[in-house]
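# Residue-level structure breakdown
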Amino acid sequence: MSEQKQYLRFSIAQRIEHWVQMLAFTGLALTGIPQKFVGNAWAETWIRVMGGIEIVRFIHHTAAIAMALACIYHVVVVAYKIFVLRVRWTMFPRLDDLFDALDTVRYNLGLTKEKIKLDRYSFVEKAEYWAFVWGAILMGVTGFMMWNPINTARFLPGDLIPAAKAAHGGEALLAVLAILVWHFYSVHIKTFSKAMFTGKLTREQMEHEHALELERLEAGQT
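Heads up: these notes are all about the structure in this document. Chains are numbered independently. Their residues run from 1 in the order of the written sequence. Since the coordinates come from a predicted model, pLDDT governs what is reported: local features require at least 70, and pairs of side-chain atoms require 80 or more to be given and counted, while whole-chain, interface and lining totals use all residues. In computing side-chain values, all of the structure's heavy atoms are included and hydrogens and water are not.

Another aspect to go through is the packing of aromatic side chains. Planes of paired rings set the category: under 30 degrees apart is stacked, over 60 is edge-to-face and the rest tilted, where pairs are Phe, Tyr or Trp rings (Trp by its six-membered ring) whose centres lie within 6.5 Å. This model, assessed by the stated rule, comprises 5 aromatic pairs. Ring centres of Trp19 and Phe197 lie 5.5 Å apart, and the angle between their planes is 65°; on these two criteria the pair is classed as edge-to-face. Residue Trp19 is found in helix α1 (residues 12-36), and its partner Phe197 is found in helix α8 (residues 195-198); the two are separated by 178 residues along the sequence. To sort residues, take the accessible area from a 1.4 Å probe on protein chains only and compare it with the maximum for the residue type: under 20% means buried, over 50% means exposed, and anything in between is partly exposed. The exposure class assigned to Phe197 is partly exposed, which follows from its relative accessible area of 46%. For the ring pair Tyr129 and Trp130, a centre distance of 5.3 Å and an interplane angle of 90° mean the geometry is edge-to-face. Judged by relative accessible area, Trp130 falls into the partly exposed class, the value being 29%. One aromatic cluster is present, built from ring pairs that chain together Trp89, Phe92, Tyr129 and Trp130. Put simply, a charge is over a ring when the Lys NZ or the Arg CZ is close to the ring centre, within 6 Å, and near the line of the ring normal, within 35 degrees. It is Lys36 that lies over the ring of Phe37; its NZ or CZ is 5.4 Å from the centre. Numbered from the N terminus, helices here are DSSP runs of H or I no shorter than four residues, and strands are runs of E no shorter than two.

A word on the packing of helix α3 (residues 53-83) against helix α5 (residues 123-147). Axis definition: a line fitted to C-alpha atoms, limited for helices to the stretch in contact. Angles are taken between N-to-C directions and run from 0 to 180 degrees. One way to put it is that α3 packs onto α5 with a least axis distance of 11 Å and a crossing angle of 135°. Considering their axes alone, α3 and α5 lie oblique with respect to each other. Crossing hand, α3 versus α5: left-handed. Residues His61, Ile65, Met67, Cys71 and His74 of α3 touch α5, and the partners they reach there are Tyr129, Phe132, Ala136 and Trp147. Any residue outside Ala, Val, Leu, Ile, Met, Phe, Trp, Tyr, Cys, Pro, Asp, Glu, Lys and Arg is labelled polar, Gly included; the first ten of those are nonpolar and the last four are charged. Within the contact of α3 with α5, the residues separate by chemical class into 7 nonpolar, 2 polar and no charged. These descriptions rest on fixed angle ranges, namely under 35 degrees for roughly parallel, over 145 for roughly antiparallel, 65 to 115 for roughly perpendicular, and the rest for oblique. A crossing counts as left-handed when the near helix is turned anticlockwise from the far one by less than a right angle, and as right-handed when that turn is clockwise. Contacts between residues were defined by any pair of non-hydrogen atoms, one from each residue, lying within 4.5 Å.

Further remarks concern a nonpolar patch on the surface. A cluster of nonpolar residues, Trp19, Met22, Leu23, Phe192 and Phe197, forms a patch on the protein surface that exposes about 490 Å² of accessible area. Counting residues per element, the nonpolar patch draws most heavily on α1, at 3 residues. On the accessibility criterion, Trp19 (31% relative accessible area) is partly exposed. By definition, no residue in a patch forms a salt bridge, and every one has over 30% relative accessible area; like charges are joined within 9 Å, nonpolar side chains (Val, Leu, Ile, Met, Phe, Trp, Tyr) within 5 Å. Working definition of accessibility: Shrake-Rupley area with a 1.4 Å probe, residue cover restricted to the visible protein chains. Salt bridges, as used here, are contacts in which a Lys or Arg side-chain nitrogen is within 4 Å of a carboxyl oxygen on Asp or Glu.

On to the layout of surface pockets, then. Rolled over the atoms, a probe sized like a water molecule indicates the empty space that remains. Definitions used for this entry: grid spacing 1 Å over protein atoms alone; cavity, a set of points where a 1.4 Å probe fits but cannot get out; pocket, an open set with protein on both sides within 12 Å along at least 5 of 7 lines; lining residue, one with an atom within 4 Å of a point. Grid points are joined across faces, edges and corners, and a volume is the space filled by probe spheres set on the points. Within this model, the second largest pocket holds a volume of roughly 170 Å³. If you go around the second largest pocket, you meet 17 residues; those closest to its centre are Arg88, Thr90, Arg94, Asp119 and Lys126. Going through the elements one at a time, α4 (95-108) and α5 are the ones with two or more residues in the lining of the second largest pocket. Here the lining of the second largest pocket is composed, by residue class, of 6 nonpolar, 2 polar and 9 charged.

Time to look at the pattern of salt bridges. Tallying each qualifying case throughout the model produces 11 salt bridges. The shortest N-O distance in the salt bridge between Asp119 and Arg88 comes to 3.5 Å. Of the two residues, Asp119 is situated in the loop between α4 and α5 and Arg88 in the loop between α3 and α4; the sequence distance between them amounts to 31 residues. One salt bridge connects Arg203 with Glu207, and the closest N-O pair in it is separated by 2.5 Å. Remark: Glu207 and Arg203 occur in helix α9 (residues 203-209); sequence separation between them is 4 residues, near one turn of the helix. Looking at Glu207, the relative accessible area reads 43%, which means it is partly exposed. One salt-bridge network, held together by shared partners, links Arg9, Arg120, Glu125 and Glu213.

Structure representation (structure tokens):
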């Protein structure tokens, strides 16, 4: 049996960016969640295992800087592609995404037998992407306020610092749960994708997950 044709999904640069973000996120989660629940026995134990609170905070801040730099890089690359190279912004939400979501619900309920054809990024992937964008902005702003409380209090009311701490911790917990329950299930359990390892998807995977993009590629459109 001949090997299936494969289609490029992510470039090397995109895969490196993803791995940097993944490692930074993991570092932030492993060092941030115990700080949120400090006082609980398991959190105190985990902090001691990692070398104490000072080391935990150092790792947390280092991972935060790495994620911030990766986000800045991502914004620059996306802006260059859209405004200079004039490529199609495939991650931008459209009205079609709402219809795709409704049609998917109808298909899963058995109200229609026709499965919708998804483009390069589905409504699910777009929702996850923009949730990350919102989370990165919120975590970055509130994290900076907590890291520099004195400078923050010079320009903003001091009451905002404990509010920033509450927002930071709540968003962090939500982000970790979203990655474990949503992203991990969709990418690694429901349909194991090797795209972030090889950069490619087989034709069968394209038909199942990105049929509309497959049609466009086979019609010679990029």
